[in-house]
Amino acid sequence: MSELKWEGRFLTVRQQGSWEYAERKGEIGAAVIVALDGEDIILVEQYRIPVGKRCLELPAGLVGDESAGESTAEAARRELEEETGYRADRVEDLGLFYSSPGMTSESFTVVRATGLARIGDGGGSPEEDITVHRVPLASVPGFLREKRAEGLGIDAKILLLLDLATL
């Protein structure tokens, strides 16, 4: 049996024996979006408080945090538009994954978004201050090296895009 140590709006911290872990509250999951437009991938950059720096990531967001009963595909479409300014014609579920199962119960569903149309600037809400990057897939390894050299953090989910031999 686990013991509740702390509780916030979206997270709790629990302890079971000597093991401490964070878990998502309720049924909220996340959608991580591999947004492809031809030979290009859409990436986002924003400041992340837990690591104290701007990070390069795939667009993503919580499912059901704004409206109950929201599907993963609906959340992915909404977040893609808000963060990047692109609307997807097709969203395909690629499966459920756990972000760091030794530390958190957090899971996310990866979706592939295609048939993109630019409908706005993106950028998310004013407090998010999101920068949108459109990067040719073949250039992703070099782009990551450049961003890392600039001091950005790189979200591990970007590994989905890489041939590890290129790192």
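Up top is the structure.
Note that the coordinates shown come from a computational prediction; the quantities given were computed from them, not determined experimentally.

1. Describing the packing of aromatic side chains
Now for step 1: Inspection of every chain in the model, using the stated rule, returns 1 aromatic pair.
Now for step 2: On the numbers, 6.0 Å between centres and 20 degrees between planes, the contact of Phe97 with Phe108 is stacked. Taken together, the positions of Phe97 in strand E8 (residues 86–98) and Phe108 in strand E9 (residues 107–118) put the pair 11 residues apart, joining distant regions of the chain.
Now for step 3: According to the relative accessible area criterion, Phe97 is partly exposed, its value standing at 36%.
Now for step 4: Looking at Lys157, its charged tip hangs above the ring of Phe108, at a distance of 5.3 Å from the centre.

2. Quick notes on the pattern of salt bridges
Side chains carrying opposite charge are able to pair once their charged atoms draw close together.
Now for step 1: Applying the stated criterion to the full structure yields 18 salt bridges.
Now for step 2: Here Asp129 and Arg54 are joined by a salt bridge, their closest N and O atoms 3.4 Å apart. Here Asp129, found in the loop between E9 and strand E10 (131–136), pairs with Arg54, found in strand E6 (residues 53–57); they are 75 residues apart in sequence, far enough to count as distant.
Now for step 3: Between Arg87 and Glu81 there is a salt bridge; the shortest N-O distance is 2.8 Å.
Now for step 4: Overall, the relative accessible area of 42% leaves Arg87 in the partly exposed class.
Now for step 5: Salt bridges sharing common partners tie together Glu45, Arg54, Asp129, Lys147 and Glu150.

3. A word on the pairing of strand E5 (residues 40–48)
A regular strand places its side chains so that they alternate between the two faces of the sheet.
Now for step 1: Counting buried positions along E5 yields 7 of 9 residues, so the element is predominantly enclosed.
Now for step 2: Sheet topology note: the strand E4 (residues 29–37)/E5 ladder contains 3 bridges and is antiparallel. Residue pairing for E5: Leu36 is matched across the bridge by Ile41.
Now for step 3: Where E4 folds back onto E5 in an antiparallel hairpin, the turn is made up of 2 residues, including Gly38, whose phi is positive at roughly 65 degrees.
Now for step 4: In the sheet, E5 pairs with E6 via 5 bridges, with the strands oriented antiparallel. Bridging from a neighbouring strand, Glu45 pairs with Leu56 of E6.
Now for step 5: The antiparallel hairpin formed by E5 and E6 contains 4 residues in its connecting segment, where Gly52 sits at a positive phi of about 70 degrees.

4. Comments concerning the sheet that holds strand E1 (residues 3–7)
Picture the strands of a sheet paired through backbone hydrogen bonds; they go either parallel or antiparallel.
Now for step 1: The strand order across the open sheet built from 3 strands is E1-E2-E3, with neighbouring strands paired in antiparallel fashion. Each having just a single partner strand, E1 and strand E3 (19–24) make up the two edges of the open sheet. Neighbour-to-neighbour, the strand axes of this sheet turn through a mean angle of 25 degrees, independent of strand direction.
Now for step 2: Here strand E2 (residues 11–16) pairs with E3 via 6 bridges, running antiparallel.

5. A short note on the environment of Tyr98
Now for step 1: Tracing the backbone through its elements, the reader meets Tyr98 in strand E8.
Now for step 2: If near-sequence neighbours (up to four positions away) are discounted, Tyr98 is found in contact with Ser105, Glu106, Ser107 and Phe108.

6. Observations concerning the nonpolar core
Now for step 1: Ile41, Leu43, Leu58 and Leu161 are the most contacted members of the largest nonpolar core, which totals 19 residues.
Now for step 2: Going through the elements one at a time, E4, E5, E9 and helix H2 (140–149) are the ones with two or more residues in this core.
Now for step 3: The element best represented in this core is E4, accounting for 4 residues.
Now for step 4: Those residues in contact with Leu161 that lie beyond four places of it in its chain are Val34, Ile41, Leu43, Leu58 and Val140.
Now for step 5: Counting 13 residues, the second-largest nonpolar core is a separate cluster that includes Val63, Ala76, Tyr86 and Ala113.

Definitions and limits used
- Residues numbered from 1 in each chain as written.
- Predicted model: local features only at pLDDT ≥ 70, side-chain atom pairs only at ≥ 80, totals over all residues.
- Heavy atoms only, no water.
- Phe/Tyr/Trp six-rings, centres within 6.5 Å; stacked < 30°, edge-to-face > 60°.
- Helix = DSSP H or I, 4+ residues; strand = E, 2+ residues; numbered from the N terminus.
- Buried < 20%, exposed > 50% of the residue type's maximum accessible area, 1.4 Å probe, protein only.
- Lys NZ or Arg CZ within 6 Å of the ring centre and 35° of its normal.
- Salt bridge = Lys/Arg side-chain N within 4 Å of Asp/Glu carboxyl O.
- Pairing = 2+ DSSP bridges.
- Axes fitted to C-alpha atoms, helices over the stretch in contact; angles between N-to-C directions.
- Contact = heavy atoms within 4.5 Å.
- Core = buried A, V, L, I, M, F, W, Y, C linked by side-chain atoms within 4.5 Å.

So far we have only geometry, and geometry alone does not tell us how the molecule works.
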